[in-house]
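Understanding the architecture of this molecule
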Amino acid sequence: QVQLVESGGGLVQPGGSLRLSCAASGSIYRIYTMSWYRQAPGKQRELAAAITSGGSTHYADSVKGRFTISRDNAKNTMYLQMNSLKPEDTAVYLCNADASADGTKTYWGQGTQVTVSS
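Below is a summary of the structure that appears in this document. Keep in mind that this is a model prediction, so the values were computed, not measured.

Evaluation of the coordinates by the stated rule reveals 1 aromatic pair. Directly above the aromatic system of Y79 lies the positively charged group of R19, at a separation of 4.1 Å from the ring centroid. Across the ring face of W108, the terminal group of R45 is positioned such that the distance to the ring centre comes to 4.6 Å.

Structure (C-alpha cells):
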C-alpha cells in the first residue's frame, strides 16, 4: 500500500503564496506520474498540475504561470508552489500518484484546504 499525505494549506490573502507538499510512504517500488487536483465547493474535481517521474510537467490553463509543480524522487515527495493566488484558487487540493507497490494503482491523499480571501 501507498499513503499520500498533503501539507502546507491554509488561509492566504489574494496575491499571496503557499507551498504545498505531498509525501508518499509505504511499500513503494516506483512512483510514476504525480498530480495535484483541486475541488472547490459545488464544483467538479479538476487537474491543476502534473509531473512525470522524468520531470515533464503539465498545467491547467487557469494556473499556468502562477503555479510550479516539482518533485524530489529520492524523498518520494511532490510540491506545488502557488504564487499570485486568487480567490478562485480556493479549494481542497488533493495529491494523486500512480505507483507500484502491490501492483500499479492510483492513490489519493485526503487533501489540504487552501483558502484565498482578504
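The final tally for this structure, using the stated rule, is 1 disulfide. What pairs with C22 in a disulfide is C95, and their sulfur atoms sit 1.9 Å apart. The sign of the S-S torsion, about -70 degrees, decides the handedness of the disulfide formed by C22 and C95: left-handed. Within this pair, whereas C22 is found in strand β3 (residues 18-26), its partner C95 is found in strand β9 (residues 91-101), the two being separated by 73 residues in sequence. With relative accessibility at 0%, the residue C22 sits in the buried group.

Turning our eyes to something else, we now look at the side chain of E6. Position of E6 among the secondary structure elements: in strand β1 (residues 2-7). Within the buried set, E6 has no salt-bridge partner at all; the shortest N-O distance to an opposite charge, 8.5 Å, is to R45. Within the structure, the side chain of E6 is placed 2.8 Å from the backbone nitrogen of C95, a separation counted as a polar contact. Leaving out residues up to four positions away in the same chain, E6 has contacts with S21, C22, W36, Y93, L94, C95, G109, Q110, G111 and T112.

About the criteria used
Residues numbered from 1 in each chain as written. Predicted model: local features only at pLDDT ≥ 70, side-chain atom pairs only at ≥ 80, totals over all residues. Heavy atoms only, no water. Phe/Tyr/Trp six-rings, centres within 6.5 Å; stacked < 30°, edge-to-face > 60°. Lys NZ or Arg CZ within 6 Å of the ring centre and 35° of its normal. Disulfide = S-S within 2.5 Å. Helix = DSSP H or I, 4+ residues; strand = E, 2+ residues; numbered from the N terminus. Buried < 20%, exposed > 50% of the residue type's maximum accessible area, 1.4 Å probe, protein only. Lys, Arg positive; Asp, Glu negative; His and termini not counted. Salt bridge = Lys/Arg side-chain N within 4 Å of Asp/Glu carboxyl O. Polar contact = N/O pair within 3.5 Å; in protein donor to acceptor, adjacent residues only side chain to side chain. Contact = heavy atoms within 4.5 Å.

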